[in-house]
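# An overview of the molecular structure
Each chain, letter by letter, is given below.
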Amino acid sequence: MPSLSNGHLGFTVFGDAIYLNGVYNGKAGNSRRARLPNSINITIEVTADYLRNSSQYQSRSIQYVMNLKDGYFQWQQDFNVSLGNTIQIIQRTYAHRYFNRALVYDFVINRTSSREPLLINLRENSGSKTEAFDIQAEPSNSTDLRIFKALTRQVEDPQYQTQPSVVYIIQNDYIPPEGKLLQMKNGQKILSYRFILTADPTKNVALKEMLNVLNLSPQELLAKHAQQWQNFWKNFHIAIKGNFGLSQVVNAAIFYLANSLPSSKSNQPNNPYYGLSPTGLGRGQLDADYQGHSFWDTEIWMLPIITHFNIDWSRELLKYRFDRLEAARYNALMTGYQGARFPWESAFTGAEVTNPCCPEVAQQQIHISADIGLALLHFYTITHDETWLCERAWLLASEIADFLVSRVTWNSTTDLYHIKDVMGPDEDHNHVNDNIYTNVAFKKALEFASFASSFCCNRIEQSAPWLKVAQKMLLLYDKSKDYHPEYAGYETGQQIKQADAILLGYPLQLNMANTTRYNDLMFYENVTRVSGPAMTWSMFAINFLDVRYKTKADYYFLKSFQDYIRPEFKVWSETSFDFKGSSNFLTGIGGFLQSIVYGYAGIRFHIDSKGRSQMLLKRSHLLPKVKLFTVKGIKFANASFALKVFGKGRSLLTCMRLGNSLLELIGKSSQPITLRDNCAVFLKNQTVVIRTSKSTWKQ
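First things first, this report covers the structure right here in the doc. (Residues numbered from 1 in each chain as written. Predicted model: local features only at pLDDT ≥ 70, side-chain atom pairs only at ≥ 80, totals over all residues. Heavy atoms only, no water.)

### With respect to the nonpolar core
Ile120, Phe309, Phe592, Leu593, Phe629 and Phe641 are the most contacted members of the largest nonpolar core, which has 198 residues in total. Top contributing element to this core by residue count: helix α10 (residues 436–456), with 12 residues. For isoleucine 120, the residues in contact, after removing those within four places along its chain, are Ile44, Glu45, Val46, Phe107, Ile109, Lys180, Leu181, Leu182, Met184 and Leu191. Tyr72, Phe99, Ile196 and Leu221 belong to the second largest nonpolar core, which has 15 residues in total. (Core = buried A, V, L, I, M, F, W, Y, C linked by side-chain atoms within 4.5 Å. Buried < 20%, exposed > 50% of the residue type's maximum accessible area, 1.4 Å probe, protein only. Helix = DSSP H or I, 4+ residues; strand = E, 2+ residues; numbered from the N terminus. Contact = heavy atoms within 4.5 Å.)

The following block contains the structure:
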C-alpha cells in the first residue's frame, strides 16, 4: 500500500503505524522510528434493515484510488440497493501538506433514498499498543479534543541525547474499542465525518494546528492540501507521450519520493529535518524498512534527482549531515582517525546506529563519508551557490577530507595511496583492499575539498595534502582486459551483489576510454546477481547510453522497474517479485528517475577548470516505446529549464525561469551566447554547454 507523509508525519495506508520526523526509540543499532498506533486507520460499516439481506443488492462495487495529482488515497463503495435506491460511500486519507502537523481521515455518504435511518459503525484499527512510547492523557480545555503526551522509552546515544523525545498528540474525536455509531436520520441524504490527528514535540504547535484545521470545512481543508501538491507538479514534472503505463510509473515514483520530504509552505514553521531513509517517513520498523535510518542512499541515489524537485530539499538533507558533524568527528576519533567519519547508518543523533546483525558493514563501508562529499560537489555544481559553499559546504568537505587522508595507506615502493580493509557497494565481498568505487569516491571528494579550500579560504597549504592523496590514489586497472577490477584480487566471473565498478562512469564520471567503460559494463552485467536492487539496473541503463549501446540501455531501463513495481498503486519494492525486500523503496526510485534525467535526457553537470558550473546537454534518446517526453524543472544556477526529447538525437531546451546568474550557451561556435528569458534552443545530435559566465575562483 502507498506510504503518505508530509515530511513531519508519515504512515502507510491501512497500516498500524504513524511515525514522526526525527523521533526514534532504542539504543544504538536498535534505534528505529518510534511507532505510534495508527488511529486514523478507520473503517466503517453501514447497516439498515433493508441492507441486512445481501440478496436484495442489485450490485455492489468498491474502488481504490491513489490520487497523485492532489496527494490523497481514496476508496469508494457504491451500493445499488434497488431501482432508484443507491448509496455511495467515499472515504479518504492523507497527510496534509500545508497543515503538516495534521493527518486526516474523512468520509461522506450520499444516498438517493432517505426513507429509513442508516447506522454507521466506525472502528479504529490502530494495531497493538506501542512499544516505543509511554503515553498518558493530558488535560484539555475542550471536551471535543483529546490530548496525549508520549515519551520515548530509550534514548539513542546518551552522549548526544540526554532526554527522551516527547510528542504531543491531539485528536478531535474518540472511537472506543467497540466502535462508534453515527446515524443518518429519515430524510437525511448526506452525512460527512472527519477524524483529525495532530502531533508535534511542542504542545502549543500541535494545538494551534488542530484549531486551525477545524476552522476549515472538509472541502476547504482538502483544497488547501491539493494546492500544495499542484504547486509541486508545476515546479517539476516528467510528461510522457505514447506510453500511459510508463507515465503512471514515473508519476508515482516522483510522488512517493517527494511526499517524504518537508512541506515547502506550511501553516507553522517546519521543524529540522532528520534525513531521508530508503523507505521514507511512513515506514521504520526494527529489522525492516531500514529502521528509518539514513544511508549513502540519500546522497548518491536520491539527492541528485531531489535537487531538481526542490533545491531547498537538498539543502535541508545536506544540513542534516552538517548538524551531525560533532558526532562524525567523535566517530573518527574513537576509531583512530582524524576529521569527520560519518556512520554507515544515521538517525537522530548522528552516532553509528547500524543494526547489531552487521558490525562489519559499519566498520568497512567507509565510502559513506566520501559520498557526502560527492553530494556537496553535485549540489554546488548545480546551484553554483558560492555563499553556501563557503559558509556551509566548505567546513563539511574539509572535515571529510581530513578523515579520508587519515584512512589511506601510502606504499613507498609504488608511491601510491591504498585503502585497505573495506567493503564497497558490493556487500557480498568484505575485507577487500582498494575497492575501485571507494578509491574513486575518495579521489573525487578530496579534489572537491581542495577546490572549496582554494575558493573560500585560499588555504593552499591546508589542501595540498588532500590533493596529493587524490592525485596519487591507486585506481585499479587491468590493461590486458581493459577494465577496472572491483577490488585487489578480484577475478573476472566472480558474482557480485549490485552496481559497484560500473558506477565509475556514472555517477562518479571518472575520465576513461570508451572501450574501458564498455568493457566494465560487459564484464559486470553477467555476474551481478538477479536479486540485486533496482537502482543497479538503472545505472547499467545510463552507462550503456553513454557508450551508445541503446538496445542494452533499453533492456536495463525496463528491468529497473518492471519487476520492482507492485502493480496496484505502483509502489516500489527493494527487490524483484521472487525475493523479499523492503517496500516503498525510494532508493530504487531515485536511481530510476536519474536514468531518465541523466540518461535518456542526456543532462550532466561539471565544474570547469576556471571554477564555472556547467550543464552539459549530451545526445538525448527516447525512452522505450515512447513517442516523446519532457523533463520540466531542470534546475541550474537559479534557473529552471524544460527539455523536450523527440528522438533521433533531437530535443528542445526552453527556459522556464532565469534567475540572477548570467548564463552562457556554448555550442558549435566558440562564441558564447547569453541566455535571455523565454529562450529556446533546438538540439540535434550535438552536445552543448550552459555555464555560469564567471567565477571569482583563483587557482
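### What to know about the packing of helix α4 (residues 296–309) against helix α8 (residues 367–383)
Here α4 crosses α8 at 10 degrees, and the two axes come no closer than 8 Å. With respect to α8, the element α4 is oriented roughly parallel. Across from Trp296, Glu299, Ile300, Leu303, Pro304, Thr307 and His308 in α4, the residues of α8 making contact are His367, Ile368, Asp371, Ile372, Leu374, Ala375, His378, Phe379 and Ile382. Considering only residue class, the contact of α4 with α8 consists of 10 nonpolar, four polar and two charged. (Axes fitted to C-alpha atoms, helices over the stretch in contact; angles between N-to-C directions. Parallel < 35°, antiparallel > 145°, perpendicular 65-115°, else oblique. Nonpolar A, V, L, I, M, F, W, Y, C, P; charged D, E, K, R; others polar.)

### Considerations on the pairing of strand β30 (residues 680–684)
Along β30, the buried face is formed by Val681 and Leu683; none of Ala680, Phe682 and Lys684, which line the opposite face, is buried. Here strand β27 (residues 650–657) pairs with β30 via five bridges, running antiparallel. Paired with threonine 654 across the two strands is alanine 680, which belongs to β30. (Pairing = 2+ DSSP bridges.)

### Some thoughts on a nonpolar patch on the surface
Together, Met1, Phe14, Ile62 and Tyr64 line one region of the surface with nonpolar side chains, adding up to about 360 Å² of accessible area. Relative to the helices and strands, methionine 1 resides in the segment before β1 (3–5). (Patch = residues over 30% accessible without salt bridge, like charges linked within 9 Å, V, L, I, M, F, W, Y side chains within 5 Å. Areas by Shrake-Rupley, 256 points an atom, 1.4 Å probe, with all protein chains shown as cover. Salt bridge = Lys/Arg side-chain N within 4 Å of Asp/Glu carboxyl O.)

### Focus on the environment of proline 624
Relative to the assigned elements, proline 624 resides in the loop between β24 (613–617) and β25 (628–636). Judged by its relative accessible area of 8%, proline 624 is buried. Here the alpha-carbon distance between proline 624 and serine 61, two residues 563 residues apart in the chain, equals 36 Å. Not counting chain neighbours up to four residues away, the residues in contact with proline 624 comprise Asn243, Leu246, Asp554, Phe557, Leu558 and Tyr600.

### Re the side chain of asparagine 243
Relative to the elements of secondary structure, asparagine 243 occurs in the loop between β18 (237–241) and α3 (244–258). On the basis of relative accessible area, asparagine 243 is assigned to the buried category, the value being 19%. Contact partners of asparagine 243, with chain neighbours within four places excluded, come to Pro624, Lys625 and Val626.

### Thoughts on the sheet that holds strand β29 (residues 673–674)
Spatial ordering of the open sheet is given by β23-β24-β31-β28-β29, a layout of five strands whose pairing is antiparallel. Each edge of the sheet is formed by a strand with only one pairing partner; in this case those strands are β23 (603–607) and β29. As defined by bridge partners, strand β28 (residues 663–666) adjoins β29 across two bridges and the pair is classed as antiparallel. Each residue of the ladder has a partner; that of glutamate 664, found in β29, is threonine 674.

### A word on helix α5 (residues 311–322)
The terminal C-alpha atoms of α5, which comprises 12 residues, lie 17 Å apart, in line with the 16 Å expected from a rise of 1.5 Å per residue. Here α5 has its buried residues at Ile311, Trp313, Ser314, Leu317, Leu318, Tyr320, Arg321 and Phe322. (Expected span 1.5 Å × (residues − 1).)

### Considering the packing of α5 against α8
Remark: α5 packs on α8, axes separated minimally by 11 Å, with the N-to-C direction vectors making an angle of 150 degrees. Taken as axis vectors, α5 and α8 run roughly antiparallel relative to one another. Of the two elements, α5 crosses α8, and the hand of that crossing is left-handed. Two secondary-structure elements touch here, α5 through Ile311, Ser314, Arg315, Leu318 and Arg321 and α8 through Ile368, Ile372, Ala375, Leu376, Phe379 and Thr383. Along the lines of polarity and charge, the residues of the contact of α5 with α8 split into seven nonpolar, two polar and two charged. (Left-handed = near helix turned anticlockwise from the far one by under 90°.)

### Points about the side chain of asparagine 38
Structurally, asparagine 38 can be placed in the loop between β6 (36–37) and β7 (42–47). A relative accessible area of 1% means that asparagine 38 is categorised as buried. Discounting chain neighbours no more than four positions away, the residues touching asparagine 38 are Phe11, Thr12, Gly15, Asp16, Ala17, Ile18, Asn125 and Ser126.

### Here's the deal with the sheet that holds β1
Taken in spatial order, the four strands of this open sheet run β1-β2-β3-β6, and their pairing is antiparallel. The two strands at the open ends of the sheet, each matched to only one other strand, are β1 and β6. Examined bridge by bridge, strand β2 (residues 9–12) and strand β3 (residues 17–20) share three bridges and lie antiparallel to one another. Bridging across to β3, phenylalanine 11 finds its partner in isoleucine 18.

### A few points about unusual backbone geometry
Each neighbour pair has its own omega, and for tyrosine 506 with proline 507 the value is 15 degrees, a cis peptide bond. For proline 507, the location among the structural elements is in the loop between α11 (460–471) and α12 (514–525). Backbone geometry at alanine 28 places phi at a positive 50 degrees, although glycine is not the residue there. Relative to the assigned elements, alanine 28 resides in the loop between β4 (24–25) and β5 (32–33). You will see that glutamine 291, though not glycine, has its phi angle at about 60 degrees, which is positive. With respect to the helices and strands, the residue glutamine 291 is situated in the loop between α3 and α4. When its relative accessible area of 3% is taken as the criterion, glutamine 291 is described as buried.

### Some words on the pattern of salt bridges
Under the definition given, this model contains 22 salt bridges. The shortest N-O distance in the salt bridge between lysine 319 and aspartate 323 comes to 2.7 Å. For aspartate 323, a relative accessible area of 41% gives the class partly exposed. Where aspartate 546 meets lysine 618, a salt bridge forms, and the shortest distance between an N and an O atom there is 3.1 Å. Here the residue aspartate 546 occupies a position in helix α13 (residues 534–546), and lysine 618 occupies one in the loop between β24 and β25, the gap between them amounting to 72 residues. For aspartate 546, a relative accessible area of 16% translates into the label buried. Among the charged side chains, a salt-bridge network with shared partners connects Arg517, Asp546, Arg604 and Lys618.

### Overview of helix α1 (residues 203–214)
Here α1 contains 12 residues, and its C-alpha end-to-end distance of 17 Å stays within 8% of the 16 Å for a straight helix at 1.5 Å per residue. All of the buried residues along α1 are Val205, Ala206, Glu209, Met210 and Val213. An end-on view of α1 places all buried positions within 135 degrees of arc, on one side of the element. Along its buried surface, α1 packs onto β11 (102–111), β15 (166–171), β17 (190–200) and α2 (218–235). (Arc of directions from axis to C-beta.)

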